[in-house]
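# Architecture at a glance
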Amino acid sequence: MGLKIDHVGDFLIKTGISLIAAFLCAMSMNLFLIPAQVYAAGINGAAQLMIDIMRDGFGIHLPIGLLILALNLPVAWLGWKKVGKSFTFFSFITVLLTSLFLTVIPVYPLSDDILLNAIFGGMISAVGVGLALKFGISTGGLDIIAVYLTRKNRNAASGKYFLILNGLIIIIAGAVYEWQYALYTLISRFVNSYVIDLIHTKYQKLTVIIVTHKKDAVIQAIRDRFDRGMTVIPSYGGFTGSGNTSILVVISHYELYQMEQLIKRTDPEAFTDILETNKIIGVFHTEEQQKAIQAQKHREDKGIKSGAFEPVHAFHRIFPFQTK
């Protein structure tokens, strides 16, 4: 199944967000982090560290933009095959633009204070990362790897993998260079994580409650776009007394932007409450599993069935472990 773009407007919006996120990430590195030898998060930080070691240890100068792009190629392949095509496509566009901006924007220190560089570098890059996540994409690298590893190991949160992979960068930087750079990198990472949580959400799962007068249209739209179970609750307005319907559905935080857009298109007057969800016990399908079910539904709609095939039971034979 190839890349699916629901709307041209959505494609243009996400491309614009990729552009802004890439510019902010590149600016944070070239104007703050690289001059102070404070390391960025994820693959960008790993590329920084590799360049410093190659330059100081072997006298080899590598362009950081090309190295970041090269390191992200296998990650993009993994994401395309195992995580999700739309998410990976826009994430790689962001990586490509980041590499371009890192090449175009000169490395120029705005301050000689390492602490200021660590704080503002982490804060500016966090705005780019948080903005990208808010619109259902990422800045590449560890985001894709963490999502994949989380899906392979359903009992662990992706934050665990971020901590391990970023921790290795900090430890190596401290061992090879002075430990003060590792400590300032920790400060930058703390600021980065805090700002991302302010802009987006640190929770992997979200509960969406939609109060609508267009029950059938909203339910059908969610069924067409997602393979998520819903709880439909008859309700009425406490102020108006008019009858309506409350629809409860749990989604991943990467699906939040798509859900918001779907609700706006289906019922612009709907009232939507988005809650942070700590834990789920029960069936919660990944993006790839949703696509498998949707593909089967599409084949059934076309009348392509194989004997007494039962899609629900067959799906659970293919994906027997569904509990998170």
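Here's what I pulled together on the structure shown here. (Residues numbered from 1 in each chain as written. Predicted model: local features only at pLDDT ≥ 70, side-chain atom pairs only at ≥ 80, totals over all residues. Heavy atoms only, no water.)

### Observations concerning the packing of helix H9 (residues 215-225) against helix H10 (residues 256-266)
One way to put it is that H9 packs onto H10 with a least axis distance of 10 Å and a crossing angle of 145 degrees. When you trace H9 past H10, the crossing you get is right-handed. The residues of H10 that touch H9, namely those facing Ala217, Val218, Ala221, Ile222 and Arg225, are Gln258, Met259, Leu262 and Thr266. Of the residues that constitute the contact of H9 with H10, the class distribution is six nonpolar, two polar and one charged. (Axes fitted to C-alpha atoms, helices over the stretch in contact; angles between N-to-C directions. Helix = DSSP H or I, 4+ residues; strand = E, 2+ residues; numbered from the N terminus. Left-handed = near helix turned anticlockwise from the far one by under 90°. Contact = heavy atoms within 4.5 Å. Nonpolar A, V, L, I, M, F, W, Y, C, P; charged D, E, K, R; others polar.)

### What about the side chain of Ser18?
Within the secondary structure, Ser18 sits in helix H1 (residues 8-36). Here Thr94 takes part through its side chain, which lies 3.1 Å from a polar atom of the side chain of Ser18. Look past the residues within four positions of Ser18 in its chain and what remains in contact with it is Phe90, Ile93, Thr94, Leu97 and Ile137. (Polar contact = N/O pair within 3.5 Å; in protein donor to acceptor, adjacent residues only side chain to side chain.)

### Observations regarding the packing of aromatic side chains
In the structure shown here, the tally under the stated rule is six aromatic pairs. Ring centres 5.1 Å apart and planes at 80 degrees place the aromatic pair Phe89 and Phe90 in the edge-to-face group. Aromatic pair Phe135 and Tyr257: ring centres 4.9 Å apart, planes at 45 degrees, arrangement tilted. Residue Phe135 is located in the loop between helix H5 (114-134) and helix H6 (142-152), and its partner Tyr257 is located in helix H10; the two are separated by 122 residues in the primary sequence. Tyr257 carries the same exposure label as Phe135, and that label is buried. Among the aromatic residues, those joined into a ring-pair cluster are Phe11, Phe89 and Phe90. Above the face of the Phe226 ring, Arg225 is positioned so that its terminal group lies 5.6 Å from the ring centre. (Phe/Tyr/Trp six-rings, centres within 6.5 Å; stacked < 30°, edge-to-face > 60°. Buried < 20%, exposed > 50% of the residue type's maximum accessible area, 1.4 Å probe, protein only. Lys NZ or Arg CZ within 6 Å of the ring centre and 35° of its normal.)

### Let's talk about the side chain of Thr212
Within the secondary structure layout, Thr212 lies in strand E1 (residues 205-212). One polar contact links the side chain of Thr212 to the main-chain amide nitrogen of Lys214, over a distance of 2.8 Å. Residues in contact with Thr212, not counting those within four places in the same chain, are Val218, Asn244, Thr245, Ile247, Asp267 and Ala270.

### Side note on the packing of helix H2 (residues 42-58) against helix H3 (residues 64-82)
Taken N-terminus to C-terminus, the directions of H2 and H3 make an angle of 130 degrees; their axes are 9 Å apart at the nearest point. With respect to H3, the element H2 is oriented oblique. When the axes of H2 and H3 are compared, the crossing they make is right-handed. On the side of H2, the interface is formed by Ile43, Asn44, Ala47, Gln48, Met50 and Ile51, while H3 contributes Ile64, Leu67, Ile68, Leu71, Asn72 and Val75. For the contact of H2 with H3, the per-class residue count stands at nine nonpolar, three polar and no charged. (Parallel < 35°, antiparallel > 145°, perpendicular 65-115°, else oblique.)

### Regarding the nonpolar core
Core analysis: the biggest nonpolar cluster contains 24 residues, and Met29, Ile64, Ile68, Phe101 and Leu102 have the highest contact counts within it. Contributions of two or more residues to this core are made by H1, H2, H3, helix H4 (85-104) and H5. Element by element, the count of residues in this core is highest for H1, at nine residues. Setting aside anything within four residues of it in sequence, one finds Phe101 in contact with Leu19, Ala22, Phe23, Ala26 and Asn30. With 16 residues, the next largest nonpolar core counts Ile247, Val249, Leu262 and Ile263 among its residues. (Core = buried A, V, L, I, M, F, W, Y, C linked by side-chain atoms within 4.5 Å.)

### Points about a nonpolar patch on the surface
Side chains of Ile164, Leu168, Ile172 and Val176 sit close together on the surface and give an oily, nonpolar patch of about 340 Å² of accessible area. For Leu168, the location among the structural elements is in helix H7 (residues 158-176). (Patch = residues over 30% accessible without salt bridge, like charges linked within 9 Å, V, L, I, M, F, W, Y side chains within 5 Å. Areas by Shrake-Rupley, 256 points an atom, 1.4 Å probe, with all protein chains shown as cover. Salt bridge = Lys/Arg side-chain N within 4 Å of Asp/Glu carboxyl O.)

### Regarding the sheet that holds strand E4 (residues 271-277)
Sheet architecture is open: four strands sit in the order E2-E3-E1-E4, paired in antiparallel fashion. Edge positions in the sheet fall to strand E2 (230-236) and E4, since each of these pairs with one other strand and no more. Across the sheet, the axes of successive neighbouring strands diverge by a mean angle of 20 degrees, strand direction being ignored. Bridge count for E1 against strand E3 (residues 243-252) is eight bridges, and the pairing is antiparallel. Each residue of the ladder has a partner; that of Thr207, found in E3, is Val250. (Pairing = 2+ DSSP bridges.)

Spatial relationships are all this shows, so hold off on functional conclusions.
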